[in-house]
2 protein chains.
Amino acid sequence: MVRLKDVAQAAGVSASTVSRALSNPELISEATRARVLAAADRLGYRHHPAARALVTGRTGLLAFSVPTLANPFFAPIIAGAQEAAEEAGYELIVAVTDSSPERETALFDRLADRVDGFAAAGPRSPASQLARFARSLPLVTLNRRVRGVDSVIIDTPDGVGRLGTHLAGLGHRKIAYLGGPTGSWLDPRRLRRLREAVPDCAILPLGPFPPEFEAGARTVETVLDAGCTAVIAYNSTLLLGLLHRLTMLGLSTPEDLSLACADDLSAAGLAMPDVTALHVPAAEAGRRTVEHVLSLVASESRSAAHQLLPVELLTRASTGRPRELPMSGG
Amino acid sequence: MVRLKDVAQAAGVSASTVSRALSNPELISEATRARVLAAADRLGYRHHPAARALVTGRTGLLAFSVPTLANPFFAPIIAGAQEAAEEAGYELIVAVTDSSPERETALFDRLADRVDGFAAAGPRSPASQLARFARSLPLVTLNRRVRGVDSVIIDTPDGVGRLGTHLAGLGHRKIAYLGGPTGSWLDPRRLRRLREAVPDCAILPLGPFPPEFEAGARTVETVLDAGCTAVIAYNSTLLLGLLHRLTMLGLSTPEDLSLACADDLSAAGLAMPDVTALHVPAAEAGRRTVEHVLSLVASESRSAAHQLLPVELLTRASTGRPRELPMSGG
DNA sequence: ACGCGTGCTGCAAGCGATTGCACGATTGAG
DNA sequence: CTCAATCGTGCAATCGCTTGCAGCACGCGT
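The shown structure was predicted, so the numbers you read here are calculated from the model rather than taken from an experiment. Counting restarts for each chain, with residues numbered from 1 along the sequence as it is written. Throughout, the order in which chains and ligands are written sets their labels, letters from A for the former and numbers from 1 for the latter. For a predicted model such as this one, the threshold for reporting local features is a pLDDT of at least 70, and the threshold for listing and counting side-chain atom pairs is 80 or more; totals across whole chains, interfaces and linings nevertheless cover every residue. The side-chain values count all of the structure's non-hydrogen atoms but skip hydrogen atoms and water molecules.

J.: Can you tell me about the state of the cysteines, naming the residues and giving the values?
T.: Residues and elements named next belong to chain B. The disulfide criterion used throughout: a pair of cysteine sulfur atoms within 2.5 Å. Tallied over the full model, the rule gives 0 disulfides over all chains. No disulfide involves cysteine 228; its sulfur sits 10 Å from that of cysteine 201, the nearest cysteine. When accessible area is computed with a 1.4 Å probe and restricted to protein chains, residues below 20% of their type maximum are described as buried, those above 50% as exposed, and intermediate ones as partly exposed. You can call cysteine 228 buried: its relative accessible area is 4%. With no disulfide of its own, cysteine 261 has cysteine 228 as its nearest cysteine by sulfur position, at a separation of 17 Å.

Shown next, in the form of structure tokens:
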């Protein structure tokens, strides 16, 4: 292994000079620096992360926790996060909490003195816990807003509201909302915004559901029996299940039921060209979250800033006018 | 922050004694150890990972690379890996390579001196590269076998062979195989085993396909036109797309086409109760891989051992006798 | 009663880097 | 030509922990 002093010897300078040439070039004369750099890469010198961490207190590691990896929704988020981390010279530790507050807490605990900052996607821990944690380490939450903790929120509630408006505009008056898993912070907010957006429509909230194919499939009868003419699903997996069952029953979309989805199918390789959905800027969200964490790490300030990321409405063939428009005044 | 010497002072012993009490209890008298332990947890002492790493050369970190997280297939693998790592007191760094050999190499490089060992799921780098890397660090590959590198292989080729036998037994004589993405090491091996298992059947290999819904959907016509009566899909996402299109065309399973899948749908929340598939021990595979890496870390031996994990055949309703049995002798 | 092994504990030397401080050289001003 | 900034470099301390070695006390055999 090549150490700083080896490079120093090769370049005919002291170890401190090498250290500075590598990390604070402006302190060193052009000539020396060039010589040092040449020697360093001739010998293939690499920082010893632990040694550096010991003295600087910085590890160069960032943690990113997600409730699950089974939902491919998180894939592009992590991709974006990893990209941002890499650009800043950081390494990302991805950790899975299984949506368990206990595991999440344990994770915080184990990782707290191993990383410089923490990003938590959809954390399930109590707010007080998160706030406390944020006081000890730079922390940014994604898709959850907690007093005293910086956050990045993908504005799917707004998107769901717009989906509602879109459906109402087509003449729908009874819309089912297939809710997500218990513990989702966004889910009730989506429902609320939906109701606010279309006060004239009856909203049938179903769920909570685990985001699974079968759960979606099982809702078809309920939805139809209730007389809903449109469905907004929390998640693409639910929607797929519902669609499959619908097709098997010989029903079609949007004639028999309009379908819309509150997340983006493409992440999972499940993109269906004809489904009305929300395009969520997932990679961007991951990137922003990490960049935000890094800014906290750099400034040591606790600014409690919040970012809201807009979503895009993709209006496509799975939504249309309901078969029978309600007669007014009958 | 609580340091070793603080605990030492509190317990009335030297720092070395505390260190030993914590990591080599057998060197310390029962009484002293108890006193130290009490002091340590009263003060809330935690190891300083960097300091420890600096002197021991062990970081307590393991890397686990996957080609993508968009395919939920890797979710349970990572879950199993994380569990095994945690049990051994290690932290797992999950890294995504995007199926790019270059990114993979870069990752190896960046992580090599940050971690104690490396697990690579479905690595895409050239064999020589992997072998070289294995010489510098404990490395175990999952689902890829390379000379000189320890590996864990989920025996899906065998499973696909059995799927073939199952289909042939039902009377199928022409079977389509929907291949996976370019670069998959297992894919050609599955195809080969399929051919070996059912020498009397015509096998129509299609692909390579990205494991996406739409790609699956687009194959339906080809499969039917070619006169295939059964399909084996590389991946559940492909199969779902195919099934969706099939249903839309008013065709049904298994009457019009028998369907089978070479991986497990349940990981993605896409479990469909009636699809014949292979159950792959994904979590187990992740766990084994990590345990194997850890054994290399511990022993410093390079044993070049290989593990083969059997898969389970789930025979269900999506496979049945073909509509018209081929007439023998016209 | 003496010596020696055995079992615990402390001392001090690192691990490899960063960084405050001091110092020598160079340069510009007076 | 002298003195004082300024710039670049080296010395040495330090980060928190582990570990080889030495020392001390005790117990045992003879």
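Next comes the rest of the write-up.
J.: Account for the protein's contact with DNA strand C, with residues named and values stated.
T.: In the region of DNA strand C, 26 residues are neighbours, and Leu4, Ser19 and Tyr45 of chain A together with Thr17 and Thr32 of chain B sit closest. Here a base nitrogen of DNA strand C sits 3.4 Å away from a polar atom, N or O, in the main chain of alanine 51 of chain A. Within 3.5 Å is the distance limit for a polar contact, defined as a pair of N or O atoms, with the added protein rule that one can donate a hydrogen and the other accept it, and that residues adjacent in sequence qualify only through two side-chain atoms. In the environment of DNA strand C, a phosphate oxygen lies 2.8 Å from a nitrogen or oxygen atom belonging to the side chain of arginine 52 of chain A. Mapped by element, the contributors of at least two residues to the surface near DNA strand C are helix H2 (15–23) and helix H4 (49–56) of chain A together with helix H2 (15–23) and helix H4 (49–56) of chain B. Classifying every residue of the surface near DNA strand C by side-chain character gives 10 nonpolar, 11 polar and 5 charged. The rule for a residue being near a molecule or strand is that one of its heavy atoms must lie within 4 Å of it. Helix numbers and strand numbers start at the N terminus; a helix is a DSSP run of H or I with at least 4 residues, a strand a run of E with at least 2. Three classes are used: nonpolar for Ala, Val, Leu, Ile, Met, Phe, Trp, Tyr, Cys and Pro, charged for Asp, Glu, Lys and Arg, and polar for all others, with Gly counted as polar.

J.: Hey, could you go over the packing of aromatic side chains for me, with residue numbers and the actual values?
T.: All names here are of chain A. Classification of ring pairs uses Phe, Tyr and Trp, with its six-membered ring standing for Trp, and accepts pairs whose centres are within 6.5 Å; under 30 degrees between planes counts as stacked, over 60 as edge-to-face, and the remaining range as tilted. Evaluated as defined, the whole model comprises 8 aromatic pairs over all chains. Between the aromatic rings of phenylalanine 108 and phenylalanine 133, the centroid separation amounts to 4.1 Å while the plane-to-plane angle is 10 degrees, which identifies the pairing as stacked. With phenylalanine 108 in helix H6 (residues 101–111) and phenylalanine 133 in helix H7 (residues 127–136), this residue pair connects regions lying 25 residues apart in the sequence. A relative accessible area of 2% places phenylalanine 108 in the buried class. Counting every residue linked through ring pairs, the aromatic cluster contains Phe108, Phe118 and Phe133. Over the ring of tryptophan 185 we find arginine 189; its NZ or CZ atom is 3.9 Å from the centre of that ring. Note on criteria: charge over ring means Lys NZ or Arg CZ within 6 Å of the ring centre, with the direction from the centre no more than 35 degrees off the ring normal.

J.: Account for helix H7 (residues 127–136) of chain B, naming residues and giving values.
T.: Residues of H7 of chain B that are buried: Gln129, Leu130, Ala131, Phe133 and Ala134 of chain B. Here a residue-residue contact requires only that any non-hydrogen atoms of the pair lie within 4.5 Å. As for H7 of chain B, its buried residues are in contact with helix H6 (101–111), strand S3 (117–121) and strand S4 (139–142) of chain B.

J.: With reference to specific residues and values, describe the environment of leucine 243 of chain A.
T.: Residue placement: leucine 243 of chain A occurs in helix H12 (residues 236–248). When the C-alpha positions of leucine 243 of chain A and glycine 227 of chain A are compared, they lie 17 Å apart, and in sequence the two are 16 residues distant. Once you skip the residues sitting within four places of it in the chain, leucine 243 of chain A turns out to touch Thr253, Leu259 and Met272 of chain A together with His244 of chain B.

J.: Go over the interface of chain A and chain B with me, naming the residues and quoting the values.
T.: Each partner contributes residues to the interface: chain A has 46 residues there, and chain B has 46 residues. Across the interface of chain A and chain B, roughly 4100 Å² is buried in total on both sides, 57% from carbon and sulfur atoms. Using a 1.4 Å probe, buried area is obtained as the accessible area two parts lose upon being combined, added over both of them. Taken as a group, Leu69, Glu91 and Arg114 of chain A account for 14% of the area that chain A buries against chain B, more than any other trio of residues on that side. By definition here, a salt bridge exists when the distance from a side-chain nitrogen of Lys or Arg to a carboxyl oxygen of Asp or Glu is within 4 Å. Linking chain A to chain B there are 8 salt bridges. Where the side of chain A that touches chain B is concerned, the elements lending two or more residues are H4, helix H5 (74–87), strand S2 (91–96), H6, helix H10 (213–218) and H12 of chain A. Across the side of chain A that touches chain B, the residue classes tally to 28 nonpolar, 8 polar and 10 charged.

J.: Help me get a handle on the nonpolar core, residues and values and all.
T.: As a rule of thumb, soluble globular proteins bury nonpolar side chains together. Counting 148 residues, the largest nonpolar core has Phe64, Leu178 and Val290 of chain A together with Phe64, Leu178 and Val290 of chain B as its most contacted members. For leucine 178 of chain B, the residues in contact, after removing those within four places along its chain, are Leu206, Phe209, Thr219, Val223, Val231, Ile232, Ala233, Tyr234, Leu238 and Leu242 of chain B. Take the buried Ala, Val, Leu, Ile, Met, Phe, Trp, Tyr and Cys residues and link them wherever side-chain atoms come within 4.5 Å; each set so joined is a nonpolar core. Residues Ile93 and Phe108 of chain A together with Ala63 and Phe118 of chain B belong to the second largest nonpolar core, which totals 36 residues.

Any link to function would need more than the numbers given here.
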